[in-house]
Amino acid sequence: MSIPTERSGGRPTRVAFLDHTAALGGGEIALLRLLRAMDRGKFEPVVVLFAEGPLVEQIRDAGVKCHVLPLSAGVIQTRKDSLGFSSLLRFREVAQAFRFVWRISRVLRHLNVDLVHTNSLKSDLIGGVAARLAGLPVIWHVRDRIVPEYLPTPVVKVFRFLCRIIPNRVITNSHATLRTLIPHSRPHVDGSEGRSRSPLAARYRVIHDGTLVADYDGSRNAASSEVNDSPPLIGLLGRLTEWKGQHIFLRAAAIVRREFPRTKFQIVGSALFNESDYEAEIRRLCTELGLDDCVEFTGFRADVPKVLEKLTLLVHASTTGEPFGQVVIEAMAAAKPLVATNGGGIPEIVDDGRTGLLVPMSDHEAMAAAICKLLSDPVAAIEMGRRGRQRVIEHFSIDLTARRVERLFEETLSARRARQPRQPSPFPRVQPQRP
Ligand code: UDP
């Protein structure tokens, strides 16, 4: 049931979704899927992005209003791993960020939204403070593991602390991500109707990402050479960056090639977020390993279901804990067997031995052995793919994700109405207007 708030007066609950980037990263693809699956009878989404990019058109094509308020390139392009106290003290950028926060806050008031959802770390901070200034409840959707191997230690500490004071609720995309925010607490689990164990834990909710199962043709799983005599094709999908482990995949490919000489390999994806040095490195490695004739670098593909259709199996090679790993549920939805590294959120998705084979991170020999095992038993591999698709239907459909997010939106609004009718705002009252 939709919660008609004091502000909404019976119309669908209007939610502003904020993201600092319009590049098609995993978090932005997850946002797009969520927007498409939301119940428009109950919720009216409006998106505010801090940069132009391909996501803008896709959001508008989905029938969702999208506003772009460009943030200075200096702040947008600051890489997460280069953040630190020194960058926090760069006066010009800090001043720009404050002005921007103020601007976003005014925009949120003018959009007359009931609730704010932030989808990326930078939008958490900027949008979180802006929502508070506008007197609006805010939910942070954390899709990154908040750990020193990913962010500088001071930023990890500050972010974990801010999680407790800025947002009304925090969604994480896996239990693994959640454990990085509150290492010692026991959280409320998505889908469970059980009571929260503490006010702190009640603030956090694990909601796994989902995908639209109908996008994938689950019947095209018999691409194995033993079944139809075409060479096996093994793919790795994801942006080109060191922690996605394309270099480990190539080293594993060199071993697999010795046992299954006809095997072909695809590296699908491109470098995003100023990370193009790594691409040059792995292309060099490919040549050094003598794999140029059997490895294809496809670049970014917008037609992932089609790419998956042609694969014999998918490899996921992240060398550090993956926060969630949407490509893994996508391959399972396409009924593909898979080999994935055992870290972060992956074991929450893959039932080891039944819907995929888990191998230790950064171990190319174990990865090659698992690939060879699947290639040498195509019937078992096909069965594994079927079970994987079924698991996605039951646990990782985008409808399930959307209903859980919607339920959290409703809970957040009712909890707030119960506690305080309206938060004061430092702004003068404005006539609600549609931008
Ligand atoms: N992706 C894509 N085209 C490509 C490579 C990747 O559309 O060429 C998509 C992929 O299908 C998935 C997303 O990018 O939906 C990556 O999300 P994931 O959670 O796996 O990783 P992230 O990039 O968020 O770490």
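Please read these numbers as outputs of a predicted model, since none were measured by experiment.

### A closer look at the overall build of the protein chain
Here is step 1 of the chain: For the protein chain, the helix and strand inventory stands at 18 helices and 14 strands.
Here is step 2 of the chain: The proportion of buried residues among the 435 residues of the protein chain is 57%.
Here is step 3 of the chain: Excluding contacts between residues fewer than 6 apart, the proportion of contacts in the protein chain whose partners are at least 24 apart in sequence is 73%.
Here is step 4 of the chain: Just so you have it, the protein chain exposes about 18,600 Å², and 53% of that area is on carbon and sulfur atoms.

### Notes on the confidence of the model for the protein chain
Here is step 1 of the chain: In this model, the protein chain carries an average pLDDT of 89, and 84% of its residues clear a pLDDT of 70 or more.
Here is step 2 of the chain: Low confidence marks residues 1-6, where pLDDT is under 50. Its contacts with residues over four positions away, or in another chain, come to 17 contacts.
Here is step 3 of the chain: In the model, residues 191-196 has pLDDT below 50 throughout and makes seven contacts with residues more than four positions away in sequence or in other chains.

### Points about the pattern of salt bridges
Here is step 1 of the chain: The tally for this structure, following the rule as stated, stands at 13 salt bridges.
Here is step 2 of the chain: The residue R257 makes a salt bridge to D293 at a minimum N-O spacing of 3.4 Å. With R257 in helix α11 (residues 246-259) and D293 in the loop between α12 (276-288) and β11 (295-299), this pair connects stretches of sequence that are 36 residues apart.
Here is step 3 of the chain: A salt bridge links E406 to R403, with the shortest nitrogen-to-oxygen separation between them at 2.9 Å. Here the residue E406 and the residue R403 both occupy positions in helix α18 (residues 398-419), the gap between them amounting to three residues, near one helical turn.
Here is step 4 of the chain: Residue E406 is classed as buried on the basis of its relative accessible area, which comes to 4%.
Here is step 5 of the chain: Members of the salt-bridge network, linked through shared partners, are D399, R403 and E406.

### Details of the nonpolar core
Here is step 1 of the chain: The biggest cluster of nonpolar side chains holds 37 residues, and the ones touching the most others in it are I104 and L108.
Here is step 2 of the chain: Among the elements of the structure, β1 (13-19), β2 (43-49), α5 (91-111), α6 (121-133), β5 (138-142), α7 (153-165), α8 (175-181) and β8 (204-206) are those that each provide at least two residues to this core.
Here is step 3 of the chain: One finds F249, I267, V339 and A368 within the second-largest nonpolar core, a separate group that totals 36 residues.

### Description of the packing of aromatic side chains
Centre-to-centre distance and the angle between the planes together describe a pair of aromatic rings.
Here is step 1 of the chain: For the coordinates displayed, the defined rule picks out six aromatic pairs.
Here is step 2 of the chain: Aromatic side chains F249 and F265 sit 6.0 Å apart centroid to centroid with 80 degrees between the ring planes, which places their arrangement in the edge-to-face category. With F249 in helix α11 and F265 in strand β10 (residues 264-268), this residue pair connects regions lying 16 residues apart in the sequence. Take F249 and F265: they sit in the same class, and that class is buried.
Here is step 3 of the chain: Plain terms: the ring middles of F324 and F396 are 6.1 Å apart, the flat faces sit at 55 degrees to each other, and that makes the pair tilted. Of this pair, F324 sits in the loop between β12 (313-316) and α14 (326-333) while F396 sits in the loop between α17 (378-395) and α18, placing them 72 residues apart in sequence.
Here is step 4 of the chain: A relative accessible area of 2% means that F324 is categorised as buried.
Here is step 5 of the chain: It is R283 that lies over the ring of F297; its NZ or CZ is 4.5 Å from the centre.

### A few points about the pairing of strand β9 (residues 233-237)
Here is step 1 of the chain: The buried fraction of β9 is high, at five of five residues.
Here is step 2 of the chain: Residues L233, G235 and L237 of β9 are buried on one face, and the alternating residues I234 and L236, pointing to the opposite face, are buried as well.
Here is step 3 of the chain: Bridge count for β9 against β10 is five bridges, and the pairing is parallel. Looking at the pairing, I234 lines up with F265 of β10.
Here is step 4 of the chain: Regarding the hand of the β-α-β motif, the stretch spanning β9, α11 and β10 is right-handed.

### Considering the site of the ligand
Here is step 1 of the chain: Around the ligand sit 19 residues in total, of which G26, K244, R301, Q326 and E330 are the nearest.
Here is step 2 of the chain: A distance of 2.8 Å is found between an oxygen atom of the ligand and a side-chain nitrogen or oxygen belonging to K244.
Here is step 3 of the chain: Protein burial of the ligand: of its 540 Å² of free accessible surface, 90% is covered by the chains.
Here is step 4 of the chain: Elements with a minimum of two residues in the shell around the ligand: α1 (26-37) and α14.

### Overview of α1
Here is step 1 of the chain: Helix length check: α1, at 12 residues, gives a terminal C-alpha distance of 17 Å against a target of 16 Å (1.5 Å per residue), a fit within 8%.
Here is step 2 of the chain: Taken across its 12 residues, α1 has nine buried, putting it largely inside the fold.
Here is step 3 of the chain: Those residues of α1 hidden inside the fold are in contact with β1, β2, α2 (54-61), β4 (115-118), α14 and α18.

### With respect to the state of the cysteines
Here is step 1 of the chain: Taken as a whole and assessed by the stated rule, the structure comprises zero disulfides.
Here is step 2 of the chain: C286 carries a free sulfur, and the closest cysteine sulfur to it, the one in C294, is 6.9 Å from it.

### Section: the packing of α11 against α12
Helices that pack against each other are described as a pair by the angle of their axes relative to one another and the distance between those axes.
Here is step 1 of the chain: At a minimum axis separation of 10 Å, α11 and α12 run at an interaxial angle of 10 degrees. The angle between α11 and α12 places the two elements in the roughly parallel class. Each of Q246, H247, L250 and R251 in α11 lies in contact with α12, whose residues at this interface are Y278, I282, L285 and C286.
Here is step 2 of the chain: Per-class residue counts for the contact of α11 with α12 are five nonpolar, two polar and one charged.

Thresholds, definitions, all that
Sequence order as written defines residue numbering, which begins from 1 separately in each chain. Thresholds applied to this predicted model are a pLDDT of at least 70 for local features of residues and 80 or more for the giving and counting of side-chain atom pairs; totals over whole chains, interfaces and linings are not thresholded and use all residues. Calculated side-chain values reflect all of the structure's heavy atoms, with hydrogen atoms and water omitted. By definition, any uninterrupted DSSP run of H or I lasting at least four residues is a helix, any uninterrupted run of E lasting at least two residues is a strand, and each is numbered from the N terminus. Only protein chains enter the accessibility calculation, which uses a 1.4 Å probe. A residue is then buried if its area is under 20% of the maximum for its type, exposed if over 50%, and partly exposed in between. Any pair of residues with heavy atoms lying within 4.5 Å of one another is described as a contacting pair. Computed with the Shrake-Rupley method and a 1.4 Å probe, the accessible areas treat only the protein chains shown as cover for residues. The predictor attaches a confidence to each residue, and that confidence, scored 0 to 100, is pLDDT. Only one rule defines a salt bridge in this text: a Lys or Arg side-chain nitrogen within 4 Å of an Asp or Glu carboxyl oxygen. Think of a nonpolar core as a cluster: buried Ala, Val, Leu, Ile, Met, Phe, Trp, Tyr and Cys residues, connected wherever their side-chain atoms sit within 4.5 Å. Between 30 and 60 degrees the pair is tilted, below 30 it is stacked and above 60 it is edge-to-face, where a pair is any two Phe, Tyr or Trp rings, Trp via its six-membered ring, whose centres lie within 6.5 Å. As a reminder, the over-ring test applies to NZ of lysine and CZ of arginine, requiring each to be within 6 Å of the ring centre and within 35 degrees of the ring normal. Paired strands are those between which DSSP finds at least two bridges. When the strands point away from the viewer and the path from the first strand over the helix to the second turns clockwise, the crossover is right-handed. Summary of the distance rule: residues count as near a molecule or strand when at least one heavy atom falls within 4 Å of that molecule or strand. For the purposes of these results, a polar contact is taken to be a pair of N or O atoms within 3.5 Å, where, inside protein, one atom must be able to donate a hydrogen and its partner to accept one; residues adjacent in sequence count only when each atom of the pair is a side-chain atom. In this analysis, the expected span of each helix is defined as 1.5 Å times one less than the number of residues it contains. Note on disulfides: each one is a pair of cysteine sulfur atoms within 2.5 Å. Between the N-to-C directions of two axes lies an angle of 0 to 180 degrees, each axis being a line fitted to C-alpha atoms and, for a helix, fitted only over the stretch in contact. Should an angle lie under 35 degrees it is considered roughly parallel, over 145 roughly antiparallel, and from 65 to 115 roughly perpendicular; all remaining angles are considered oblique. Each residue receives one of three labels: charged for Asp, Glu, Lys and Arg, nonpolar for Ala, Val, Leu, Ile, Met, Phe, Trp, Tyr, Cys and Pro, and polar for the others, Gly being one of them.

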